[in-house]
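The lines below spell out each chain.
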2 protein chains.
Amino acid sequence: MPTIEDVARHAGLSRTTVSRVINNQPYVCEEKRQRVLSSMGDLGYVPNSSARRLRNKKTETIAVLLPRITNPFFSHMMEAMEKKASEWGYQVIVCQTHYSADKEIDYLELLRKKQVDGLIMTSVHNDWTKIEEYLASGPIVLCNENMEEANTAIIHIDQKQAAYDATMHLVEQGCKKLAFLCGNTESSITRARRSGFMKALHNRGVAFVEHDSFQEAMDVDNGREILSIIQEEDPEIDGIFTGSDEVAAGIIYEAIQRGISIPEDLAVVGFDNQTISMLMNPSISTVEQPIVDMANKSVEVLIQHIEQHLRQKREEYVFDHTLQQRNSTMRNIAVPM
Amino acid sequence: MPTIEDVARHAGLSRTTVSRVINNQPYVCEEKRQRVLSSMGDLGYVPNSSARRLRNKKTETIAVLLPRITNPFFSHMMEAMEKKASEWGYQVIVCQTHYSADKEIDYLELLRKKQVDGLIMTSVHNDWTKIEEYLASGPIVLCNENMEEANTAIIHIDQKQAAYDATMHLVEQGCKKLAFLCGNTESSITRARRSGFMKALHNRGVAFVEHDSFQEAMDVDNGREILSIIQEEDPEIDGIFTGSDEVAAGIIYEAIQRGISIPEDLAVVGFDNQTISMLMNPSISTVEQPIVDMANKSVEVLIQHIEQHLRQKREEYVFDHTLQQRNSTMRNIAVPM
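Residues numbered from 1 in each chain as written. Chains lettered and ligands numbered in written order. Predicted model: local features only at pLDDT ≥ 70, side-chain atom pairs only at ≥ 80, totals over all residues. Heavy atoms only, no water.

Going by the annotation in an unreviewed UniProt entry, the name recorded for chain A is LacI family DNA-binding transcriptional regulator, with Pontibacillus salicampi given as the source organism.

Listed below in structure tokens is the structure:
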């Protein structure tokens with residue numbers, strides 16, 4: 001493969017001049033620039049990107065940490081982030097934490113080892129004090145999670161209000177005994193949603209049931225298991241806040257197998273307005289988040305921080321959510337499928 | 001930030017010795033190695049990975065090219081590839097081509113510019129002669145697509161046989177007039193599936209219908225549109241090979257809205273056995289591919305090529321598919337949901 005020296009020899013110019021052209025530096029007249037470019041073309045010279053990146057001290061790569069790419073919420077968010085980053089000439093590395101605090105630290109190390117210029121966390125599995133140490137190595141943006149103590153850019157919806165709205169909707173449909181399901185119990189999202197759920201219950205004096213299996217509910221299979229447990233242990237539950245369209249779909253699927261009427265016997269509300277929530281029969285009432293807008297904002301803020309070396313400080317961007325009312329909850333009012 | 005010189009000074013050793021320790025090279029006695037490591041710890045020295053990778057001439061990164069991460073077939077394949085790669089200490093960059101030949105070339109350039117050590121293509125949008133040029137820069141593995149002329153490792157199922165099996169199943173359920181749907185018309189997968197579909201028709205003398213809208217059918221919305229077109233233009237179609245669970249789900253969703261009975265009026269077969277195919281009501285008959293096994297094999301073969309500098313030659317790994325018979329096609333025989 002031709003080297004930078006070969007290009008210099010071919011063009012009859014110094015190595016420094018060739019290097020200046022490759023790195024888009026000033027002080028090279030147009031005529032010499034053209035000679036270098038034409039020699040590079042003739043010889044098929046390709047600048048080594050690791051070398052170039054080393055000189056620039058930039059990798060032009062960002063990492064996105066997410067629990068699992070197979071959850072459509074994260075794959076759609078990832079798709080939008082990748083599109084936006086590529087507009088800015090940045091690559092995106094996908095890092096799946098599989099909900100592990102250790103794996104999260106492994107990926108944060110990418111920042112310290114200068115393998116990425118910045119990092120977006122869509123879920124958080126360590127205390128902020130641990131994560132904060134990595135801010136010295138480069139910018140970190142939180143998208144989706146909101147940690148009270150985080151001194152960085154945070155993009156999210158008001159999870160408490162969203163859970164309040166969804167729960168009030170169940171109550172208004174006549175539900176008397178509710179269940180609150182959640183994914184990662186440690187997450188800020190779970191805490192916020194639980195507090196919105198409880199607020200709605202207190203306002204209306206409605207009962208609720210706790211069960212170990214209602215925690216760590218993340219996918220279709222979890223939803224199916226939970227419906228079985230409810231049927232055996234607490235069949236009086238007539239409304240479920242799931243926090244997940246996948247879990248809601250699993251509950252509804254299993255309910256149909258058992259001849260339980262949705263929403264008459266059991267009303268179910270999902271979260272995220274994934275495609276599945278429209279496709280299920282009955283369709284799933286759900287909270288819609290503006291995923292693409294949130295993804296775009298996260299990438300823009302991160303790249304601004306990378307390129308302008310801004311000081312990290314707390315900046316919050318709160319996006320609006322919408323409650324989509326569909327057949328899995330609508331007992332009183334007929335809605336078009 | 002401390003430099004390699006600072007570490008050498010602190011440890012009272014030469015820069016060469018420090019460099020040898022960082023790069024795990026021989027000829028350093030244990031006592032000196034410990035002094036270097038302890039100085040690195042005291043000073044908080046972190047080897048710059050770009051520099052290290054430059055020296056190793058390796059990025060320990062592989063790129064996976066896929067059309068869109070929001071298709072569950074690709075997100076599940078990606079998840080498995082990332083898991084397997086991380087066992088080998090490799091990072092994975094996700095590259096979404098959005099079915100564009102130009103974007104595909106952009107990402108192939110990652111190999112030529114030494115930004116990745118190897119590349120897996122799960123779909124192909126250029127002629128092999130164009131892609132072949134990049135083999136000089138590093139190994140490329142095809143997973144999912146099978147190009148006849150490709151002189152590289154190829155991991156796939158027998159798409160022709162899979163389409164034949166699915167079509168024969170529709171015929172055996174009594175379908176008299178079939179439609180063949182496909183995604184990218186240029187792809188080797190479409191050609192193989194079409195030939196399997198036609199073979200089944202010829203064997204049984206069944207009719208079929210062509211329509212422009214039956215090509216480039218990729219997602220739920222495409223499926224909904226196609227059902228509308230069939231109803232208006234060719235309502236006698238009573239069986240559809242979709243090539244996609246998402247398209248099949250869209251067709252079934254729209255059929256339910258219009259009061260069309262699935263499978264009695266219209267039998268529909270999907271592809272990939274995604275979660276949605278079980279959740280839909282009626283559930284979707286579909287062809288299952290062993291995604292995780294195929295993903296694992298692709299990563300293993302690629303990394304062997306990277307690490308052992310093997311000569312690229314054609315090696316084919318053909319995995320078995322299975323037809324899952326569910327309610328969207330089963331007219332005669334009752335199956336458990």
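Enquirer: Could you give me a rundown of the overall build of chain A, with the residues and numbers involved?
Expert: Scanning chain A for helices and strands turns up 13 helices and twelve strands. In terms of principal-axis extent, the alpha carbons of chain A reach across some 85 × 40 × 30 Å. Contacts in chain A between residues far apart in sequence, at least 24 positions, make up 70% of those at least 6 positions apart. As displayed, chain A has an accessible area near 14,100 Å², and 46% of this comes from carbon and sulfur atoms. Of the side chains in chain A, 35 bear a positive and 48 a negative charge, and the two mean positions are spaced by 9 Å. (Helix = DSSP H or I, 4+ residues; strand = E, 2+ residues; numbered from the N terminus. Contact = heavy atoms within 4.5 Å. Areas by Shrake-Rupley, 256 points an atom, 1.4 Å probe, with all protein chains shown as cover. Lys, Arg positive; Asp, Glu negative; His and termini not counted. Charge placed at Lys NZ, Arg CZ, Asp CG, Glu CD.)

Enquirer: Could you give me a rundown of the sheet that holds strand 8 (residues 239–241) of chain A, with the residues and numbers involved?
Expert: Residues and elements named next belong to chain A. Strand order in the open sheet formed by four strands is 7-6-8-9, with parallel pairing between adjacent strands. Sheet topology places strand 7 (207–209) and strand 9 (267–269) at the edges, where each strand pairs with a single neighbour. Taking the axes of each pair of neighbouring strands and ignoring which way they run, one obtains an average angle of 25 degrees across the sheet. Across three bridges, the pairing between strand 6 (residues 177–180) and strand 7 is parallel. Pairing of Leu178 across the sheet is with Phe208, part of strand 7. Helix 9 (residues 188–204) contacts strand 6, strand 7 and strand 8 of the sheet and is inclined by roughly 170 degrees relative to strand 6. (Pairing = 2+ DSSP bridges. Axes fitted to C-alpha atoms, helices over the stretch in contact; angles between N-to-C directions.)

Enquirer: Break down the interface of chain A and chain B for me, citing the residues and quoting the values.
Expert: Listed as interface residues are 44 residues of chain A and, on the opposing side, 45 residues of chain B. Each partner contributes to the roughly 4,100 Å² buried at the junction of chain A and chain B, and carbon and sulfur atoms together form 58% of this total. Inspection of the chain A/chain B interface yields zero salt bridges. Taken together, chain A and chain B are joined by four residue pairs in polar contact (both at pLDDT 80 or more). Sorting the residues of the side of chain A that touches chain B by element identifies helix 4 (49–56), helix 5 (72–87), strand 2 (91–96), helix 6 (101–112), helix 10 (220–233), helix 11 (245–257) and helix 12 (275–279) of chain A as the ones contributing at least two each. At six residues, helix 5 of chain A tops the list of elements feeding residues into the side of chain A that touches chain B. Counted by class, the side of chain A that touches chain B contains 19 nonpolar, 15 polar and ten charged residues. (Buried area = accessible area lost by both parts, 1.4 Å probe. Salt bridge = Lys/Arg side-chain N within 4 Å of Asp/Glu carboxyl O. Polar contact = N/O pair within 3.5 Å; in protein donor to acceptor, adjacent residues only side chain to side chain. Nonpolar A, V, L, I, M, F, W, Y, C, P; charged D, E, K, R; others polar.)

Enquirer: Account for a negative patch on the surface, with residues named and values stated.
Expert: Residue and element names in this part refer to chain A. A surface patch of negative charge is lined by Asp127, Glu148, Glu149, Glu186 and Glu216. Mapped onto the elements of the fold, Glu216 is located in the loop between strand 7 and helix 10. By relative accessible area, which is 40% here, Glu216 ends up partly exposed. (Patch = residues over 30% accessible without salt bridge, like charges linked within 9 Å, V, L, I, M, F, W, Y side chains within 5 Å. Buried < 20%, exposed > 50% of the residue type's maximum accessible area, 1.4 Å probe, protein only.)

Enquirer: Can you tell me about the pairing of strand 2 of chain A, naming the residues and giving the values?
Expert: Residue and element names in this part refer to chain A. Counting buried positions along strand 2 yields six of six residues, so the element is predominantly enclosed. Judged from the six bridges that link them, strand 1 (residues 61–66) and strand 2 form a sheet pairing that is parallel. When the bridges of strand 2 are listed, Ile62 appears paired with Val92. Chirality of the crossover, the property in question, places the unit of strand 1, helix 5 and strand 2 among those that are right-handed. (Right-handed = clockwise from strand over helix to strand, strands pointing away.)

Enquirer: For the pattern of salt bridges, give the residues involved together with the corresponding values.
Expert: In this structure the tally under the stated criterion is 30 salt bridges over all chains. In this structure, A:Glu172 and A:Arg204 form a salt bridge, with 3.9 Å as the shortest nitrogen-oxygen distance. Placement of the pair is A:Glu172 in helix 8 (residues 159–172) and A:Arg204 in helix 9, with a sequence separation of 32 residues. Between B:Glu210 and B:Arg194 there is a salt bridge, with its nearest N and O atoms 3.5 Å apart. Separated by 16 residues along the polypeptide, B:Glu210 in the loop between strand 7 (207–209) and helix 10 (220–233) and B:Arg194 in helix 9 (residues 188–204) bring together distant segments of the chain. A network of salt bridges, in which partner residues are shared, links A:Lys84, A:Glu87 and A:Glu300.

Enquirer: Describe in detail the side chain of B:His305, supporting the description with residues and values.
Expert: Residues and elements named next belong to chain B. With respect to the helices and strands, His305 occurs in helix 13 (residues 291–308). The buried category is assigned to His305, whose relative accessible area is 5%. Residue contacts for His305: discarding those within four places in its chain leaves Pro139, Leu310, Arg311, Gln312 and Glu315.

Enquirer: Which residues make up the domain arrangement of chain A, and what values do they have?
Expert: Domain annotation of chain A identifies domain 1 (4–47), domain 2 (57–157 + 291–320) and domain 3 (159–289). The C-alpha centroid of domain 3 of chain A is placed 64 Å from the C-alpha centroid of domain 1 of chain A. (Domains from an automatic or database assignment.)

Enquirer: I'd like a rundown of the relation of the copies chain A and chain B, residues and numbers included.
Expert: At an RMSD of 0.2 Å, chain A and chain B line up after a rotation of 180 degrees and a shift of 0.1 Å along the axis. As the rotation angle and translation indicate, the two copies are arranged about a two-fold axis. Among all C-alpha atoms of chain A, that of A:Ile93 lies closest to the rotation axis, at 2.4 Å. The residues that chain A uses at the interface reappear at the interface of chain B in 100% of cases, marking a shared surface. (Least-squares fit on C-alpha atoms with pLDDT ≥ 70 in both.)

Enquirer: So, the packing of aromatic side chains: which residues are in play, and what are the values?
Expert: Within this structure, the stated rule accounts for twelve aromatic pairs over all chains. On the numbers, 6.2 Å between centres and 75 degrees between planes, the contact of A:Phe241 with A:Phe271 is edge-to-face. Of this pair, A:Phe241 sits in strand 8 while A:Phe271 sits in the loop between strand 9 and helix 12, and the two are 30 residues apart along the sequence. Each ring, one from B:Phe180 and one from B:Phe241, has its centre 5.4 Å from the other, and the planes form 5 degrees; the classification is stacked. With B:Phe180 in strand 6 (residues 177–180) and B:Phe241 in strand 8 (residues 239–241), this pair connects stretches of sequence that are 61 residues apart. The exposure class assigned to B:Phe180 is buried, which follows from its relative accessible area of 5%. Each residue in the set A:Phe180, A:Phe197, A:Phe208, A:Phe241 and A:Phe271 is aromatic and connected to the rest through ring pairs, giving one cluster. (Phe/Tyr/Trp six-rings, centres within 6.5 Å; stacked < 30°, edge-to-face > 60°.)

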